[in-house]
Amino acid sequence: MGCDVAQIVKSLIFRSIDSDGPVLVLASGANRVDEGRLAEIVGPVERATAEFVRARTGYAIGGVPPIGHVQRIDAYLDEHLLAHPVLWAAAGSPRAVFSVTPDELVRVTAAKVVALAAT
């Protein structure tokens, strides 16, 4: 695609331990997510299994898009994604992507913008 790895949106699903519901984290491809910081924001979480991800989103890990899930999912967008004019996100499969501006991604996902990158 000719973009910087930081422009790639990772759509990561975590499982809320309290509610057993999904939590969507949108993070830069260049960063790891600070799971402790995420837990401070949403409560205790764990990495979701492949089965949980497919059941709650309708997609397999590696192709989870930021939108179009089988149920509404609370979303959190790491602030580092706002630094880029254009982002690239999975479009339902590991081989399909789409471009989107950070503002549009925040709007269509109703994501809360937070600091989640591990330092």
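For the structure itself, look to the data block above.
Residues numbered from 1 in each chain as written. Predicted model: local features only at pLDDT ≥ 70, side-chain atom pairs only at ≥ 80, totals over all residues. Heavy atoms only, no water.

1. Comments concerning the layout of surface pockets
Turning to step 1, where the next piece is worked out: In this model, the largest pocket occupies a volume close to 330 Å³.
Turning to step 2, where the next piece is worked out: Around the largest pocket, the lining comprises 16 residues; the ones closest to its centre are S11, L12, I13, F14 and I61.
Turning to step 3, where the next piece is worked out: In terms of residue count, the dominant contributor to the lining of the largest pocket is strand β1 (residues 8-16) (5 residues).
Turning to step 4, where the next piece is worked out: Class assignment for the residues of the lining of the largest pocket results in 9 nonpolar, 3 polar and 4 charged. (1 Å grid on protein atoms, 1.4 Å probe; cavity = no way out; pocket = protein on both sides within 12 Å on 5 of 7 lines; lining within 4 Å. Points joined across faces, edges and corners; volume = space filled by probe spheres on them. Helix = DSSP H or I, 4+ residues; strand = E, 2+ residues; numbered from the N terminus. Nonpolar A, V, L, I, M, F, W, Y, C, P; charged D, E, K, R; others polar.)

2. A look at the pairing of strand β6 (residues 96-100)
Turning to step 1, where the next piece is worked out: The pairing of strand β5 (residues 87-93) with β6 spans 5 bridges and is classified as antiparallel. Pairing of L87 across the sheet is with V100, part of β6.
Turning to step 2, where the next piece is worked out: Here β5 hands over to β6 after 2 residues, the two strands then running antiparallel side by side. (Pairing = 2+ DSSP bridges.)

3. Here we look at helix α3 (residues 102-109)
Turning to step 1, where the next piece is worked out: For α3, the set of buried residues is P102, L105 and T109. Down the axis of α3, the buried side of the element spans an arc of 60°, and every buried residue falls inside it. For α3, exposure combined with an orientation more than 90 degrees from the buried face picks out D103 and R107.
Turning to step 2, where the next piece is worked out: Summarising the contacts, the buried residues of α3 are in contact with β1, β2 (22-28), β4 (74-78), β5 and β6. (Buried < 20%, exposed > 50% of the residue type's maximum accessible area, 1.4 Å probe, protein only. Arc of directions from axis to C-beta. Contact = heavy atoms within 4.5 Å.)

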